[in-house]
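Residue-level structure breakdown
Letter by letter, the chains look like this.
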Amino acid sequence: QDLIQKFKPVRLDAEKYLKRTQSIRRENIKLDTDYQRYPQVKDQALRLIAESPQDPLAYYYLGEAMRGHLEAINDLLIQKPGETWRKMTPEENKFSAQEFRRIGEEAYHKAIELDAQFSLAYRGLGLYAKQQGEVETARRHFQKYLEINPKAKDRRGIRYYLSEITTDAAQS
């Protein structure tokens, strides 16, 4: 009986638990994004938003999850037309590509509203616009991304996108 009392489970209140695990959960959502586990990213982003509604990073990850879903839909349409929606979960079936985009863009805009210098949200908006062929919008967002974050790890890729956009506009 003494031994059981000695190792009695410690109870943390929810707030303390969330605070203590926040850095681990942030690392986890980053890894899930890197590994393109978009359903998990979406779920984690929604939890982060519920915990910290003023955190631009949480909204950024929601935008990334929606953009990732949209890219997956487009890839499946190219690879196997007609097979796309059967491979998605019932929850994902509720959404059309336009809804994924709308939610994703709203999330990126909310991140920018919370922190106008949050460069990754501009990058996400630029990628959405590029996907849709919205050349001027893509250019504006990519330029803002590089203006805020000139040493971004992906700056070469973004500059390449900008040069593609410029070349396409010149040929039109």
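Quick note: structure is the one above.
Cut-offs and rules
The residue count restarts for each chain, going from 1 along the sequence in the order it is written. Reporting in this predicted model follows two pLDDT cut-offs: at least 70 for local features of residues, and 80 or more for side-chain atom pairs to be given and counted; totals over whole chains, interfaces and linings ignore these cut-offs and use all residues. Only hydrogens and water are set aside; all other atoms, that is, all heavy atoms of the structure, feed into the side-chain values. By definition, any uninterrupted DSSP run of H or I lasting at least four residues is a helix, any uninterrupted run of E lasting at least two residues is a strand, and each is numbered from the N terminus. Categorising residues by exposure relies on relative accessible area from a 1.4 Å probe, with only protein chains included: less than 20% of the type maximum marks a residue as buried, more than 50% marks it as exposed, and the intermediate range marks it as partly exposed. Contacts were defined at the residue level, with two residues in contact if any of their heavy atoms lie within 4.5 Å. The span one expects for a helix is its residue count, reduced by one, times 1.5 Å. Classification of ring pairs uses Phe, Tyr and Trp, with its six-membered ring standing for Trp, and accepts pairs whose centres are within 6.5 Å; under 30 degrees between planes counts as stacked, over 60 as edge-to-face, and the remaining range as tilted. For a lysine, the NZ atom is tested; for an arginine, the CZ atom; a charge sits over a ring if that atom is within 6 Å of the ring centre and within 35 degrees of the ring normal.

As a further point, take the side chain of His141. Its place among the elements puts His141 in helix 8 (residues 135-148). Take His141: its relative accessible area is 9%, and that puts it in the buried class. The contact partners of His141, leaving out residues within four places of it in the chain, are Tyr122, Leu125 and Gly126.

Let us look at helix 7 (residues 119-131). Look at helix 7: 19 Å from first C-alpha to last across 13 residues, which is about the 18 Å you get at 1.5 Å a residue. Of all 13 residues that make up helix 7, ten are buried, and the element is covered over most of its length. Turning to helix 7, its buried residues number three or more, namely Ser119, Ala121, Tyr122, Arg123, Gly124, Leu125, Gly126, Leu127, Tyr128 and Ala129. Backbone geometry just after helix 7 places Gly133 at a positive phi near 75°.

Considering all chains together, one arrives at five aromatic pairs under this definition. A ring pair is formed by Tyr60 and Phe118, whose centres lie 5.8 Å apart and whose planes are at 65°; its orientation type is edge-to-face. Residue Tyr60 is located in helix 4 (residues 56-79), and its partner Phe118 is located in the loop between helix 6 (97-114) and helix 7; the two are separated by 58 residues in the primary sequence. We note that Tyr60, like Phe118, is buried. Connected via pairs of aromatic rings, a cluster forms that spans Tyr60, Tyr61, Tyr108, Phe118 and Tyr128. Taking the ring centre of Tyr161 as reference, the NZ or CZ of Lys130 above it sits at 4.6 Å.

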